[in-house]
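# Working through the structure, step by step
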Amino acid sequence: QVRLVESGGGLVQPGGSLRLSCVASASIFSFNVMGWYRQAAGKQRELVAVVSRGGSTNYGDSVKDRFIISRDSAKNAVYLEMNSLKVEDTAVYYCNAQSAWFSDEWWGQGTHVTVSS
């Protein structure tokens, strides 16, 4: 199975920034869609940002204009730049990838982001 490993989470003050990384054990072009979801305590997992194999992006409404998703095919990696962080952004952030060739989907173990003063 494909492995996804997230990193970069931590504690940050409101208004601050963090950059998350997700490194895959396969080429990112093996995936139809790759990106980030998050789950806050007591809430459903929700879309943060995804990028398609062709490079198009989609963002959740709550993070538009603040977060940016990018990728580096040479490193099999996808990144999430988070700016102007709010307390409401506190959650576990999960990397996700969907196969371009098989009916399959993979999740990372998650990285914790806490926004607090």
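All values reported here derive from a predicted model rather than from experimental measurement. (Residues numbered from 1 in each chain as written. Predicted model: local features only at pLDDT ≥ 70, side-chain atom pairs only at ≥ 80, totals over all residues. Heavy atoms only, no water.)

## Quick look at the pairing of strand S5 (residues 46-52)
- Extensive coverage of S5 is indicated by the burial of 5 of its 7 residues.
- The pairing of strand S4 (residues 31-39) with S5 spans 6 bridges and is classified as antiparallel. If you follow valine 33 over to S5, its bridge partner there is serine 52.
- The loop that links S4 with its antiparallel partner S5 comprises 6 residues; one of these, glycine 42, has a positive phi angle of about 75°. (Buried < 20%, exposed > 50% of the residue type's maximum accessible area, 1.4 Å probe, protein only. Helix = DSSP H or I, 4+ residues; strand = E, 2+ residues; numbered from the N terminus. Pairing = 2+ DSSP bridges.)

## Observations regarding the side chain of arginine 38
- Relative to the assigned elements, arginine 38 resides in strand S4.
- On the basis of relative accessibility, which here comes to 5%, the residue arginine 38 falls in the buried class.
- Within the structure, arginine 38 has its side chain in polar contact with the side chain of glutamate 46 (distance 2.8 Å).
- Residues within four places of arginine 38 in sequence aside, it is in contact with Gln44, Arg45, Glu46, Val48, Ser62, Val63, Phe67, Glu88, Asp89, Ala91, Val92 and Tyr93. (Polar contact = N/O pair within 3.5 Å; in protein donor to acceptor, adjacent residues only side chain to side chain. Contact = heavy atoms within 4.5 Å.)

## Quick notes on the state of the cysteines
- By the definition in use, this model includes 1 disulfide.
- Two residues, cysteine 22 and cysteine 95, share a disulfide whose sulfurs are 2.0 Å apart. Given an S-S torsion of about -85°, the disulfide between cysteine 22 and cysteine 95 has left-handed geometry. Here cysteine 22 is found in strand S3 (residues 18-24), whereas its partner cysteine 95 is found in strand S9 (residues 91-99), with 73 residues between them in sequence.
- Residue cysteine 95 is classed as buried on the basis of its relative accessible area, which comes to 0%. (Disulfide = S-S within 2.5 Å.)

## Some thoughts on the pattern of salt bridges
- Evaluation of the coordinates by the stated rule reveals 4 salt bridges.
- Ionic pairing is found between aspartate 61 and lysine 64, a salt bridge with its closest N-O pair at 3.2 Å.
- A residue is classified by how much of its surface remains accessible, and aspartate 61, at 66% relative accessible area, is exposed.
- Its relative accessible area of 43% is what places lysine 64 among the partly exposed residues.
- Note that arginine 66 and aspartate 89 form a salt bridge whose closest N and O atoms lie 2.8 Å from each other. Of this pair, arginine 66 sits in the loop between strand S6 (57-59) and strand S7 (67-72) while aspartate 89 sits in the loop between strand S8 (77-82) and S9; the two residues are 23 residues apart in sequence, bridging distant segments of the chain. As far as burial versus exposure is concerned, arginine 66 and aspartate 89 are alike and both buried.
- Put simply, Arg38, Glu46, Arg66 and Asp89 are held in one network by salt bridges that share partners. (Salt bridge = Lys/Arg side-chain N within 4 Å of Asp/Glu carboxyl O.)

## Some details on the packing of aromatic side chains
- Inspection of the entire model under this criterion finds 3 aromatic pairs.
- Judged by centre distance (6.5 Å) and plane angle (85°), the ring pair of tyrosine 94 and tryptophan 107 falls under edge-to-face. Placement of the pair is tyrosine 94 in strand S9 and tryptophan 107 in strand S10 (residues 105-107), with a sequence separation of 13 residues.
- The buried category is assigned to tyrosine 94, whose relative accessible area is 15%.
- According to the relative accessible area criterion, tryptophan 107 is partly exposed, its value standing at 34%.
- One cation-aromatic arrangement involves arginine 45 over tyrosine 94; the distance from NZ or CZ to the ring centre is 3.9 Å. (Phe/Tyr/Trp six-rings, centres within 6.5 Å; stacked < 30°, edge-to-face > 60°. Lys NZ or Arg CZ within 6 Å of the ring centre and 35° of its normal.)

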